[in-house]
Structure formats: C-alpha cells, structure tokens
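Read off the chains here:
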Amino acid sequence: MCVGCILVHGQIMVRGQVVFMPVNGMRQQSRRERMMKLRRREMAKNSLERYTHYYERWATNQSILILDSE
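Rules used in this analysis
Residues numbered from 1 in each chain as written. Predicted model: local features only at pLDDT ≥ 70, side-chain atom pairs only at ≥ 80, totals over all residues. Heavy atoms only, no water. Helix = DSSP H or I, 4+ residues; strand = E, 2+ residues; numbered from the N terminus. Buried < 20%, exposed > 50% of the residue type's maximum accessible area, 1.4 Å probe, protein only. Patch = residues over 30% accessible without salt bridge, like charges linked within 9 Å, V, L, I, M, F, W, Y side chains within 5 Å. Areas by Shrake-Rupley, 256 points an atom, 1.4 Å probe, with all protein chains shown as cover. Salt bridge = Lys/Arg side-chain N within 4 Å of Asp/Glu carboxyl O. Phe/Tyr/Trp six-rings, centres within 6.5 Å; stacked < 30°, edge-to-face > 60°. pLDDT = per-residue confidence, 0-100. Contact = heavy atoms within 4.5 Å.

Asks: Help me understand the overall build of the protein chain, please; the structure alone is not making it clear to me.
Replies: Tallying secondary structure elements over the protein chain gives two helices and two strands in all. In sequence order, the secondary structure elements of the protein chain are arranged as α-β-β-α. Expressed as a percentage of the 70 residues in the protein chain, the buried residues total 4%.

Asks: Would you mind going over a nonpolar patch on the surface with me for this structure?
Replies: Together, L48, Y51, Y55 and W58 make up a nonpolar patch on the protein surface, roughly 510 Å² of accessible area in all. Tracing the sequence through the fold places Y51 in helix α2 (residues 31–69). A relative accessible area of 57% places Y51 in the exposed class.

Asks: Just to check I follow, could you spell out the packing of aromatic side chains for this structure?
Replies: Any pair of aromatic rings gets described here by the distance separating the centres and the angle formed by the planes. Across all of its chains, the model carries two aromatic pairs by this definition. Note on Y51 and Y55: the rings are 6.4 Å apart at their centroids and 15 degrees apart in plane angle, and the pair reads as stacked. Pair noted here: Y51 and Y55 are both in helix α2, with a separation of four residues, about one helical turn. Taken together, a centroid distance of 5.8 Å and an interplanar angle of 35 degrees make the contact between Y55 and W58 tilted. Placement of both Y55 and W58 in helix α2 is noted, with a separation of three residues, approximately one turn of the helix. Here Y55 falls in the partly exposed class, since its relative accessible area comes to 43%. Aromatic rings pair up to connect Y51, Y55 and W58 into one cluster.

Asks: I keep staring at the confidence of the model for the protein chain and nothing clicks. Help me out?
Replies: Caution applies to low-pLDDT parts of the model: their predicted coordinates are not meant to be read in detail. Mean pLDDT for the protein chain: 78, with 60% of residues reaching 70 or above. The spread of mean pLDDT over the elements of the protein chain runs between helix α1 (residues 3–9), the lowest at 47, and α2, the highest at 94. Every residue in residues 3–8 is under pLDDT 50, and counting partners more than four places away or in other chains gives six contacts.

Written as structure tokens, this is what we have:
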C-alpha cells in the first residue's frame, strides 16, 4: 500500500487489515472534545426549548389580544 492511498482515502493498517477512516477526521476525537461537543449540543437544545416556551406564550397572548379587540 502506498502513502498516497493513506492520505487520499484515509486508510490505515491495523493488525494487517485495512481500516477506512473518515477523510475529514483522520484522528479520533479526544474525550474532552466529545464532552465539549455534547455540552454545546445540550446548550443548543436548552436554548431552543426556552425560545419555544416564550414564543408560545407570546403567540397565546397575541391571539387573546386579537380576540379581545373583536
């Protein structure tokens, strides 16, 4: 196997077998990186839930105001 194949296709040899790695991530993520990614995902989820909660309150208040004005 040539070095060019390793670099282009993301192949590595493990115990005599060819293993394909994702081209965009030649190395494994560290535990810290995985935890940071999980934390960012959790924070985004919480932000979306908070936004949805307040939007639903606003939408309900707007519909009540429209009904009151009629």
